[in-house]
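Inside the fold
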Amino acid sequence: MNQKHLDEKSKEQLIDRYILAVRTKDRAKFEDTTMKGILQFDEETIVQILNQIPQKLKICGGYETFVEFLECEK
């Protein structure tokens, strides 16, 4: 396996952790995933990944949960 393949695999795993945090409404896990992601990649990559989350949730179901999760911040 080359480095690019490993990075893509790691990004997919990070997305899975975000989705799990949203579905379980675990804000601490969401924030922890963000911090670890920034350390592993960089802030720009994490922003790109976070921008993919709503679309991924629309595909697999759970978008409404994501909206509720974000509204908890208000």
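A short tour of the structure in this document, coming up.

A few points about the overall build of the protein chain
Per the secondary structure count, the protein chain includes four helices and zero strands. Its helices and strands taken in sequence order, the protein chain reads α-α-α-α from the N to the C terminus. Counting across all 74 residues of the protein chain, residues that qualify as buried make up 27%. Within the protein chain, contacts between residues separated by at least 24 positions form 68% of all contacts whose residues are at least 6 apart in sequence. Of the roughly 5,300 Å² that the protein chain leaves accessible, carbon and sulfur atoms contribute 52%.

Quick word on the environment of Lys-25
With respect to the secondary-structure elements, Lys-25 resides in the loop between α1 (3–23) and α2 (27–40). Sequence-wise, Lys-25 and Phe-69 are 44 residues apart; in three dimensions their C-alpha atoms are separated by 6.4 Å. Leave out the neighbours within four places in its chain, and Lys-25 touches Thr-65, Glu-68 and Phe-69.

Description of the environment of Leu-70
Secondary-structure assignment places Leu-70 in helix α4 (residues 63–71). Residues Leu-70 and Arg-27, spaced 43 residues apart in sequence, show a C-alpha to C-alpha distance of 9.6 Å.

Digging into the pattern of salt bridges
In a structure, side chains of opposite charge can pair up when their charged atoms sit close to one another. Considering all chains together, one arrives at two salt bridges under this definition. Between Lys-11 and Glu-8 there is a salt bridge, with its nearest N and O atoms 3.7 Å apart. Linking Lys-11 with Glu-8, this pair stays in helix α1, spanning three residues, or about one helical turn. The class for Glu-8 is partly exposed, based on a relative accessible area of 39%. Residue Lys-36 pairs with Asp-32 through a salt bridge whose shortest N-O separation is 3.2 Å. On the criterion of helical spacing, the pair formed by Lys-36 and Asp-32 is a turn pair, its members being four residues apart in helix α2.

Rules used throughout
- Residues numbered from 1 in each chain as written.
- Predicted model: local features only at pLDDT ≥ 70, side-chain atom pairs only at ≥ 80, totals over all residues.
- Heavy atoms only, no water.
- Helix = DSSP H or I, 4+ residues; strand = E, 2+ residues; numbered from the N terminus.
- Buried < 20%, exposed > 50% of the residue type's maximum accessible area, 1.4 Å probe, protein only.
- Contact = heavy atoms within 4.5 Å.
- Areas by Shrake-Rupley, 256 points an atom, 1.4 Å probe, with all protein chains shown as cover.
- Salt bridge = Lys/Arg side-chain N within 4 Å of Asp/Glu carboxyl O.

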